[in-house]
Amino acid sequence: MAAGSSGGGVRPCSKSAADSGFLGLRPTSVDPALRRRRRGPRNKKRGWRRLAQEPLALEVDHFLEDVRLQERTRGGLVSEAPDEKLFFVDTGPKEKDLKKRSKGQKKSVLLKKPLRIDLTLENTSKVPAPKDILAHQVPNAKKLKRKQQLWERLAKQGEVPREVRRAQARLRHPPTAKAKPGPQDTVERPFYNLWASDNPLDQPLVDQDTFFLEQTKKKGVKRPQRLLTKPSQVPAVEVTPAGASYNPSFEDHQALLRAAHEVELQRQQAAQKLERQLALPTAEQAATQESSFREMCEGLLEESDGEGEPGESQGPETGGDQALPASPRLATAEKKTEQQRRREKAARTLRVQRAAQRAAQLRHQQLFRLRGIKAQVAQRLAELARRREQRRLQRLAEADKPRRLGRLKYEAPDIDVQLSSELSDSLRTMKPEGNILRDRFKSFQKRNMIEPRERAKFKRKYKVKLVEKRAFREIQL
């Protein structure tokens, strides 16, 4: 029976039973300590897994886990704990527990009892937290220690630090408390203009260097005069016409419609003019080869009325030598005599004298023309004044118009108007018109605060490449 049982008929024990660390009850069970260890590579992941599943490694893990559990729950090993912590003497129920508690006492006990959420979040581990070494380190500890020892030696000699001396001085001579200003003091205080030149706040800055005050930020930099003037006299918020109101009158609404119609008509005329200028010429106006050749040759040939007459064509050739005067440079240069030089000098002197005499006569005659000269001067001054006034009126007329600040011209926004059929009879059903942000942006441009701008055009940095997907290309209809 024993021999038969030890044969191949008995199923071998499982791996889990062999690795459990306990001796089995079957005849074929072998002590794990006496079982032959399997050999194999330890530097491979398969070897690590096999070593972790061996009984010795499992027993070590269980033992270390039990030690950690005892440290967390008991604060140490149970085997090392004294008997006083493990056992206690039961003397029966306490007298306080036998007494019946009143309703108020029960309520106070319940209020003192911590909440379950607080108990869940409470740290129940008895293992002390690791000590933070950096928290106990003090920067410059050696220097501070030497300084403390120095002051201890000086304190024995009667010397104390400066901070201590100042504190002692404040205790001996406490500062006088300043009286708070009452309401009567506020009433008696004189009023002054904060922005006036004789501001009492600026009195300490009088007779000081302007550059020093500006550099020390005690006095602001003087603003230029151009910053004090508005760039345009147009109001910041313009009142819309009466025809754009909630319930306009018939005349006001028609006047607003007429203004919007004129604006749209001018826009259409400008578009039509541009189309006419850019339109291709018709068949009658198209240039032919003959007209193109005539236009290219125009100005190259000079036409004359007497072309083809032989008498006139030969006239300049026959009398050409007689018509041309003799050049003075071709004549032989003869040397002037002394008499000729004296005569020329006397003639020049006479011309100079006559010119001076005539200038003196003209000045003498101007004395009798003072009234006419005054009239001319008055007329000139009146003309200058008229031009000056005209320029001033032109500047005033253009003060409300937007100036050219950039490469683009100012374009007035569209008039917000509703047709007669779109007018609503209640505020609830009224359709809003316009945009407040666009209106403010156009107002800035009209008041010359910013230059007219246009939306930046999107330009793709790369060319779009159209690719047909393979799955779509394989579909055949």
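Being a predicted model, the structure only gives us computed values, none of them experimental. (Residues numbered from 1 in each chain as written. Predicted model: local features only at pLDDT ≥ 70, side-chain atom pairs only at ≥ 80, totals over all residues. Heavy atoms only, no water.)

Helix and strand counts for the chain come out as 21 helices and zero strands. The 477 residues of the chain split such that 6% are buried. For the chain, the exposed surface amounts to about 47100 Å²; the carbon and sulfur share of it is 56%. (Helix = DSSP H or I, 4+ residues; strand = E, 2+ residues; numbered from the N terminus. Buried < 20%, exposed > 50% of the residue type's maximum accessible area, 1.4 Å probe, protein only. Areas by Shrake-Rupley, 256 points an atom, 1.4 Å probe, with all protein chains shown as cover.)

For helix α14 (residues 250-278), with 29 residues, the first-to-last C-alpha span of 42 Å sits near the 42 Å given by 1.5 Å per residue. Those residues of α14 that fall on the buried side of the exposure criterion are His253, Leu256 and Ala260. (Expected span 1.5 Å × (residues − 1).)

Moving on, we come to the side chain of serine 443. Mapped onto the elements, serine 443 comes out in helix α20 (residues 436-446). There is a polar contact of 3.2 Å between the side chain of serine 443 and the backbone oxygen of alanine 236. (Polar contact = N/O pair within 3.5 Å; in protein donor to acceptor, adjacent residues only side chain to side chain.)

Our next topic: a positive patch on the surface. The grouping of Lys142, Lys143, Arg146 and Lys147 at the surface amounts to a positive patch. Along the chain, the position of arginine 146 falls in helix α10 (residues 141-156). (Patch = residues over 30% accessible without salt bridge, like charges linked within 9 Å, V, L, I, M, F, W, Y side chains within 5 Å. Salt bridge = Lys/Arg side-chain N within 4 Å of Asp/Glu carboxyl O. Lys, Arg positive; Asp, Glu negative; His and termini not counted. Charge placed at Lys NZ, Arg CZ, Asp CG, Glu CD.)

Within this structure, the stated rule accounts for twelve salt bridges. Among the ionic contacts, a cluster of salt bridges with common partners joins Glu264, Arg267 and Asp414.

Glancing now at unusual backbone geometry. A positive phi is found at asparagine 140, a non-glycine position, where the angle reads about 60 degrees. Here asparagine 140 lies in the loop between α9 (133-136) and α10. Phi is positive for asparagine 448, which is not a glycine, with a value near 60 degrees. Position of asparagine 448 relative to the elements: it lies in the loop between α20 and α21 (470-473).

The next subject is the packing of aromatic side chains. For the structure on display, the rule yields zero aromatic pairs. Its end group placed over the ring of tyrosine 462, arginine 460 keeps NZ or CZ at 5.7 Å from the ring centre. (Phe/Tyr/Trp six-rings, centres within 6.5 Å; stacked < 30°, edge-to-face > 60°. Lys NZ or Arg CZ within 6 Å of the ring centre and 35° of its normal.)

Quantified by volume, the largest pocket comes out at close to 1100 Å³. Every element with two or more residues in the lining of the largest pocket is listed here: α14 and α20. At seven residues, α20 tops the list of elements feeding residues into the lining of the largest pocket. (1 Å grid on protein atoms, 1.4 Å probe; cavity = no way out; pocket = protein on both sides within 12 Å on 5 of 7 lines; lining within 4 Å. Points joined across faces, edges and corners; volume = space filled by probe spheres on them.)

The next thing to look at is a nonpolar patch on the surface. On the surface, Tyr192, Leu194, Trp195 and Leu201 cluster together into a nonpolar patch covering about 530 Å² of accessible area. Its place among the elements puts tryptophan 195 in the loop between α12 (183-188) and α13 (210-215).

The next subject is the side chain of histidine 253. Its place among the elements puts histidine 253 in helix α14. Taking the relative accessible area as the measure of exposure, histidine 253 reaches 5% and is therefore buried. Polar contacts involving the side chain of histidine 253 include one to the main-chain carbonyl oxygen of glutamine 418, which spans 2.7 Å. When residues no more than four places from it in sequence are discounted, the contact partners of histidine 253 are Gly243, Pro248, Gln418, Leu419, Ser420 and Leu423. (Contact = heavy atoms within 4.5 Å.)

Before going further, it helps to spend a moment on the confidence of the model for the chain. Summing up the model confidence of the chain, the mean pLDDT is 79 and the portion of residues at 70 or higher is 79%. When the elements of the chain are averaged for pLDDT, helix α1 (residues 2-5) gives the smallest value, 40, and α14 the largest, 94. Long-range and interchain partners of residues 304-324, a stretch whose pLDDT sits below 50, account for one contact in this model, where long-range means more than four residues apart. (pLDDT = per-residue confidence, 0-100.)

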